[in-house]
Amino acid sequence: MNKETIERLRIRASQHFLDSIAVKQEAEKTLPELVARGVMAMAQCLQSGGKVMACGNGGSAADAQHFAAELIGRFERERQELAAIALTTDSSILTAVGNDYSYDEIFSKQVRGLGKEGDILLGISTSGNSKNVIKAIEAAKKMGIKVIAFTGNGGGKIASLLDQDDIHLCVPSSRTARIQETHLVLLHGLCDGVDHLMFD
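Quick look at the structure, then. It should be emphasised that the depicted structure is a prediction, and the values quoted were computed from it without experimental measurement.

## Details of the packing of helix H1 (residues 3-28) against helix H8 (residues 176-199)
Where H1 contacts H8, the two axes come as close as 10 Å, and the packing angle between them is 55°. By the angle between their axes, H1 is oblique relative to H8. Considering the relative orientation of H1 and H8, their crossing is right-handed. Touching His 16, Asp 19, Ser 20, Val 23, Lys 24 and Ala 27 of H1 are Arg 178, Glu 181, Thr 182 and Val 185, all from H8. Looking at the contact of H1 with H8 residue by residue, the classes come out as 3 nonpolar, 3 polar and 4 charged.

So this is what it looks like as structure tokens:
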């Protein structure tokens, strides 16, 4: 591979770092207070015997699973297990509901079947328009389940579903990669805050 190609690719790679940093710096201006509210809501839920359910598609499904794993396992310290479930992992439920009903229902049916008042639904959608996440949020709100929504791109349709009791972590970007990277920082902020509030 010639030097010109290497240099061109190096510049492209460097730009990803710079763009990611810029989005995170912009997010830091507005989102930490909302993260703090999310931490308090999650701690109250968990201390009261509730659980956190998480859902999303694609990379957001991976984030939902990552988040649940860090509550059940650990984030950065040894502590008791915390109740969390990713609604993205049961292939039999996902394929049965998708086949018999609609892919749009794969999360909402689980919310209705597994959730209870006092739980929290963490819905992740980079566009804010994922139909199955929207339906899960609608189901949660009917059941008295608090919503923490992770979006970008202005919040999409999800923004219009939320009220003052919900928490909307909307990344100030329209690029999926940048939104996903910032969602991960926000998820880690929630995990760290819950550990601090509940165990320090």
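From this point, things continue past the structure.
## As for helix H6 (residues 131-142)
With 12 residues, H6 should reach 16 Å at 1.5 Å per residue; the first-to-last C-alpha distance of 17 Å fits that figure. Of the residues making up H6, those classed as buried are Asn 132, Val 133, Ile 134, Ala 136, Ile 137, Ala 139 and Ala 140. Buried positions along H6 lie against strand E1 (52-55), helix H5 (108-114), strand E3 (120-124), strand E4 (146-151) and helix H7 (156-161). Positive phi shows up at Gly 144, right after H6, with a value of about 75°.

## A word on the sheet that holds strand E5 (residues 167-170)
A sheet is described by the order of its strands in space; here 5 strands give the open sequence E2-E1-E3-E4-E5, paired in parallel fashion. Each edge of the open sheet carries a strand with a single partner, namely strand E2 (84-86) and E5. Averaged over all neighbouring strand pairs, the angle between strand axes comes to 15°, with direction disregarded. Its contacts with the sheet put H8 on E3, E4 and E5, and the angle it makes with E4 is roughly 145°.

Each value, and the rule that gives it
Residues numbered from 1 in each chain as written. Predicted model: local features only at pLDDT ≥ 70, side-chain atom pairs only at ≥ 80, totals over all residues. Heavy atoms only, no water. Axes fitted to C-alpha atoms, helices over the stretch in contact; angles between N-to-C directions. Helix = DSSP H or I, 4+ residues; strand = E, 2+ residues; numbered from the N terminus. Parallel < 35°, antiparallel > 145°, perpendicular 65-115°, else oblique. Left-handed = near helix turned anticlockwise from the far one by under 90°. Contact = heavy atoms within 4.5 Å. Nonpolar A, V, L, I, M, F, W, Y, C, P; charged D, E, K, R; others polar. Expected span 1.5 Å × (residues − 1). Buried < 20%, exposed > 50% of the residue type's maximum accessible area, 1.4 Å probe, protein only. Pairing = 2+ DSSP bridges.

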